[in-house]
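Chain and residue survey
These are the residues of each chain, in order.
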Amino acid sequence: MTKPDEEEFEAFVVARMDRWRGTAYLLCRNWHDADDLVAVTIGKLYRHWRKVSRADNPDGYAHRVLTRSWIDHGKRPWRREQSVDEFDEQRLRVPAADSPDSVVDRDGLARLLDSLGPRQRAVLVLRFYLDYSVEETARALGISEGTVKSQAARGLHALRHLVVPAGSRA
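Computed from a predicted model, the values in this text were never measured in an experiment. (Residues numbered from 1 in each chain as written. Predicted model: local features only at pLDDT ≥ 70, side-chain atom pairs only at ≥ 80, totals over all residues. Heavy atoms only, no water.)

**Things to note about the packing of aromatic side chains**
As a reminder of what qualifies: Think of it this way: a Phe, Tyr or Trp ring, Trp meaning its six-membered ring, pairs with another when their centres are within 6.5 Å, and the plane angle makes it stacked under 30 degrees, edge-to-face over 60, tilted otherwise. Helix numbering and strand numbering both begin at the N terminus, where a helix is a DSSP run of H or I of at least 4 residues and a strand a DSSP run of E of at least 2. Burial classification: accessible surface area is computed with a 1.4 Å probe over protein chains only, and a residue below 20% of its type maximum counts as buried, one above 50% as exposed, and the rest as partly exposed. The criterion is that NZ of a Lys, or CZ of an Arg, lies within 6 Å of the ring centre and within 35 degrees of the ring normal, and then a charge sits over that ring.
Applying the stated rule across the entire model yields 5 aromatic pairs. Between Phe 12 and Trp 49 the ring centres are 5.1 Å apart and the planes differ by 55°, which places this aromatic pair in the tilted class. With Phe 12 in helix α1 (residues 3-28) and Trp 49 in helix α3 (residues 49-54), this residue pair connects regions lying 37 residues apart in the sequence. On the basis of relative accessible area, Trp 49 is assigned to the buried category, the value being 3%. Note on Tyr 25 and Trp 31: the rings are 4.2 Å apart at their centroids and 15° apart in plane angle, and the pair reads as stacked. What makes Tyr 25 partly exposed here is its relative accessible area of 21%. By relative accessible area, which is 39% here, Trp 31 ends up partly exposed. We note Arg 127 situated over the ring of Phe 128; from NZ or CZ to the ring centre the distance is 5.3 Å.

**Observations regarding unusual backbone geometry**
Even without being a glycine, Arg 29 presents a positive backbone phi close to 70°. The residue Asp 131 is not glycine, and still its phi comes out positive at about 60°. Looking at the secondary structure, you find Asp 131 in the loop between α7 (118-129) and α8 (134-141).

**Observations regarding the environment of Leu 26**
To keep it simple, the criterion reads: The contact criterion used is simple: two residues touch if any of their non-hydrogen atoms lie within 4.5 Å.
Take Leu 26: it is sitting in helix α1. Using a relative accessible area of 13% as the deciding quantity, one classes Leu 26 as buried. In this structure, Leu 26 is in contact with Leu 109, Leu 113, Arg 121, Val 125 and Tyr 129, ignoring residues within four places of it in sequence.

This is how it looks when you write it as structure tokens:
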């Protein structure tokens with residue numbers, strides 16, 4: 001990589017680091033894993049910088065690398081979640097706020113995101129945290145637009161089920 005390319009790459013990474021870390025944290029739910037994920041992403045972007053810098057949307061390219069790296073990492077056998085005998089649904093419930101559409105706090109959001117599967121979590125983070133369109137989300141995850149829509153709908157339904165008290169559901 002030439003000196004100007006390295007400077008351009010460094011400026012690109014520095015300008016986006018905080019957002020990548022925030023996104024990675026929402027996906028991983030752990031700052032150490034999030035930092036590792038961002039480091040892996042930066043390494044992949046560095047190796048393919050010429051392609052990234054020429055992309056129509058370098059930010060989208062970077063988020064696609066980050067999200068796919070997280071999904072790939074989760075597929076590794078040592079990262080699979082362990083099953084439990086009983087699922088403690090009360091542990092996941094967060095107190096309802098003034099509005100059913102509001103999030104009480106970051107810890108509540110974290111517990112809610114933890115309750116979702118990896119694909120639903122990735123779809124919701126890309127769609128509603130990063131404000132990606134359905135099309136952008138589908139490209140980033142390498143899935144169809146229909147899958148994005150269904151995963152978003154199912155994920156939001158699951159979150160509503162956990163947040164809204166059972167007696168107040170219509």
